[in-house]
Amino acid sequence: MGFDKAKAIRAAEKYLAQNKISSAIQEYCRIVEHDAEDFNAFNTLGDLYARIDKKQEALACFKRVAEHYRQQGFALKAIAVYKKITRLESATPEVANALALLYEQQGLLVDARAQYLQVADFYARDGQTREALEVLRRIANLDPNNIQIRLRLAESFLAEGLNDLAAEAFIEAGDRLLARNEHEKALDAYTKALTWQPHSHAALQGLISTHSALGTADEAAEVLERAAGTRPGDLELRVMLVNAYIEAENAQAAEVAVRQLASHDPSSFSFFFDVARLHLQQGNVNEAVRVLADIIETALSSRQEETLLPLLQEALARDPEQVEALRLLVRLYSWQRDDDNLRIALENLAETTETLGLEDEEREALTQLVRLAPLEFRYRERLEALGGAVETFDEQSSTEFSGATGNSGGGGDNNDEIPTFESFMLPDEPFALPAGEASAPASTTPETDAASQFEWNTVEPPAPAYQADASASFADLNDDLTNSAGASFEAPAAAEPPPAFVSPDAGAHASSALALELESVDFYLEQGYADIARDTLDMLERQYGPQPVLAERRQRLAAAAAHASPVETQEAPEAVEFEFQFDASAAAATPAATEPERAEINAPPEIVNAAGIENAFAFDDSPAPAATTVPSPATVASSSPVVAAQPDAPPTGIDPGLAAIFDEFREAVEEEQPLQDGDFETHYNMGLAYKEMDLLDQAVEEFQNAAGMVAPADGTPRYLHCCNLLGHCFMSKGVPRAAAIWFKKGLDAPGHTEDEYQALRFELGTAYEQMGDLSKAIDTFTEVYGIDVSYRGVSEKLRDLQAQQAAIKQ
């Protein structure tokens, strides 16, 4: 006979109701043995093991669940489960490192730093200095503005002989000093880095930038010249050397460096433009034109006309009679088949050569002008006066003046007139264009070229999944449980966005993720956890949109609610001490508690099922679906306290400088406030995850952090949400006085709906009732009654409280 999982779950629930924990554990062991992917069962099994003080077995279950959540990307759930682990045993390096990475992903940098420091302490005590220093470097990366720590880390790396790590630390410090315009200190850091990594590109680039800022780029060029000399094949070094000479405004050295670079990498010819530009800035027009003449054919073939043209125009602006520049300009317009500009350039060339007495050059220009504008008799007359057209022009179709004759703009090779880029390259490494590129038709435009090379993808990328919005209204969630089918405390949303386009791959991944989540919903339905099943369905519907499988689960949920039975008596735990945080100013204004009230505050709270949680905004007197009792991890951790290992003295076996760094990091962790890190959504969602795992102390801390990041009157319900959730957390902890403080804070927040205020009034009255303050409870419920006589059975509540008050007075 096959294994019946549902039957095993029912049996486990029955054993739990009878307080037969060992028998329930046996059933859950059977469940996970037959279904190794049921991580909810593993989580419940871990809770049960912790309840009977079998820590190792509990830890094995929790670690498996935490690793699953981490691998699936559920960072908040993973953090919550790891927190369970740390409450059972002192944090191990593996757990602390995993928590640090998860905190860092969520932007909780203070928490991440604290966990990394535990890992570093462990490595230091174990004599693994290199690993400890590496962790400290990760801590330093969390605080990029603390440059002194980074420099001291670098010195510690050197003291331990870790020269590569020291060089990296010096480079990182140099980069940050350079960004802050502390150039002298940055230069010192880069110089130290180069001592241990003389060919580090990052350090050399930083050196160039720093020297350029200081106006001493020639010194950087000297360093790069030596580095490039020892590594001639390192093209990136040669590129940096070119840039250094250009920054140093040494045009001659820059040209030599570019020629050396081009001999190894012909595609780097564009640096010649920088050299020509530098010559022009220094007034060396002839040198600039010479450089441009060397590369014009390559530049035109590479479609660099837009870069070449301004340089030629600037050269002619400085020296209008520069014949070579005019010839290059004619060549460029000829290539572009720009007849209008070609004619102007030819006229300027003819006039200039006439002025300078260069008859041969003038005849060539006039010959082309006659062909370009045959009706202009002045060109023909002047040409005849010079002896007629150039004899070889008709036969050879000169490439220099071929713009109007139909010759290809890119196919000319008039090597007698215009030096080509190949003429100056080394004989054994000629600079040549790819075959066929030089003969590309001039009619081919960049646009058509691009069109022939690319096939555009018109499919839009998938839109991001729907995100939870903590600013949605929560009043509707405080309705009777039988009318709250759409409630979700984990991720309420203000509006449903339209479905996003999803690619097939993304759709497959989404289907897989949805299937995993539905397994959790089925588990909640089977065990009677109606609230968390409903919340999960709401979240999935917002994320994936309406789905038949979700509708089917909702029908099962409605059927289960119709047959719900009262909650069975829950087992009371042993006495537990509770710590909580609330507004000190509000607490100070509260009258001192009487002895019975103090006893109530220190009393143990009701056990809340670890796999489920009450509706975040609804406390109702109506019967809830039957649920078995699973011990809270807080109960286990409190009854068997484990004190986390604290760093004692600075770790031994490492240099004093490293010990000082440990101390400084510890002080930073102790002094910094977590509120400065992360954002509201991160803390809010983290609080929801902790609350779901029944880690109420951590949930309270996160919700308080989130509340501190928003203003009560910021126009959103975020602050009100935090107040409401904090009140419910304290109610679950059995501390109604603290809950009342936060409910009142929510009522004092302006700008919300009457439904939201009504919900908070009801919860405040419930808190007063649990405190035993019947007068305030009656006053609060009377206010609720005055606004809505049918609100959540308030009339019956008032009659009961008034009867209790009357009985006490008698």
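Treat the numbers as computed from the prediction; the structure is a model and nothing was measured.

A few words now on the overall build of the chain. Scanning the chain from N- to C-terminus turns up 38 helices and zero strands. Considering the chain as a whole, with its 810 residues, one finds that 47% of them fall into the buried category. Restricting to contacts in the chain with at least 6 residues of sequence separation, those with at least 24 account for 64%. Summed over its atoms, the accessible surface of the chain is roughly 37700 Å², and 50% of this surface lies on carbon and sulfur atoms.

With respect to the helices and strands, Gln758 occurs in helix H36 (residues 754-771). The residues touching Gln758, leaving out its near neighbours within four places in the chain, are Val784, Ile787, Asp788 and Tyr791.

To continue, consider the packing of aromatic side chains. Tallied over the entire structure, the rule returns eight aromatic pairs. With 5.4 Å between their ring centres and 25 degrees between their planes, Phe680 and Tyr684 make a pair best called stacked. Here the residue Phe680 and the residue Tyr684 both occupy positions in helix H32 (residues 680-692), the gap between them amounting to four residues, near one helical turn. Take Tyr684: its relative accessible area is 1%, and that puts it in the buried class.

Our focus in this paragraph is the pattern of salt bridges. Overall, the coordinates contain 35 salt bridges when judged by the stated rule. Residues Glu168 and Arg137 are paired through a salt bridge, measuring 3.3 Å at the closest nitrogen-oxygen approach. Linking Glu168 in helix H10 (residues 163-179) with Arg137 in helix H8 (residues 129-142), this pair joins segments that are 31 residues apart in sequence. The exposure class assigned to Glu168 is partly exposed, which follows from its relative accessible area of 32%. Residue Arg382 pairs with Glu354 through a salt bridge whose shortest N-O separation is 3.8 Å. Of this pair, Arg382 sits in helix H22 (residues 377-385) while Glu354 sits in helix H20 (residues 339-356), and the two are 28 residues apart along the sequence. On the accessibility criterion, Glu354 (43% relative accessible area) is partly exposed. Shared partners join several salt bridges into a network, and the residues in it are Glu255, Arg259, Glu287, Arg290 and Asp294.

As a further point, take the environment of Gln252. You can see Gln252 is positioned in helix H15 (residues 251-264). Of the residues examined, Gln252 reaches a relative accessible area of 45% and is grouped as partly exposed. Expressed as a C-alpha distance, the spacing of Gln252 and His279, which sit 27 residues apart in the sequence, is 8.8 Å. In this structure, Gln252 is in contact with His279 and Glu287, ignoring residues within four places of it in sequence.

Attention shifts here to the confidence of the model for the chain. On average, the chain scores 73 in pLDDT, and the residues at 70 or more come to 69%. Across residues 392-506, confidence stays below pLDDT 50; counting only partners more than four residues off in sequence or on other chains, it has 213 contacts. Here residues 672-677 is a poorly scored stretch, pLDDT under 50, and it has 16 contacts once near neighbours within four places are set aside; other chains count.

Contact geometry of helix H11 (residues 183-196) with helix H12 (residues 201-214) gives a least axis separation of 9 Å together with a crossing angle of 150 degrees. When the interaxial angle is binned, H11 and H12 end up roughly antiparallel. For the crossing formed where H11 meets H12, the hand is left-handed. When H11 is examined against H12, the residues His183, Glu184, Ala186, Leu187, Tyr190, Thr191, Ala193 and Leu194 are found in contact with a partner set consisting of Ala202, Ala203, Leu204, Gly206, Leu207, Thr210, His211, Ala213 and Leu214.

The rules behind each value
- Residues numbered from 1 in each chain as written.
- Predicted model: local features only at pLDDT ≥ 70, side-chain atom pairs only at ≥ 80, totals over all residues.
- Heavy atoms only, no water.
- Helix = DSSP H or I, 4+ residues; strand = E, 2+ residues; numbered from the N terminus.
- Buried < 20%, exposed > 50% of the residue type's maximum accessible area, 1.4 Å probe, protein only.
- Contact = heavy atoms within 4.5 Å.
- Areas by Shrake-Rupley, 256 points an atom, 1.4 Å probe, with all protein chains shown as cover.
- Phe/Tyr/Trp six-rings, centres within 6.5 Å; stacked < 30°, edge-to-face > 60°.
- Salt bridge = Lys/Arg side-chain N within 4 Å of Asp/Glu carboxyl O.
- pLDDT = per-residue confidence, 0-100.
- Axes fitted to C-alpha atoms, helices over the stretch in contact; angles between N-to-C directions.
- Parallel < 35°, antiparallel > 145°, perpendicular 65-115°, else oblique.
- Left-handed = near helix turned anticlockwise from the far one by under 90°.

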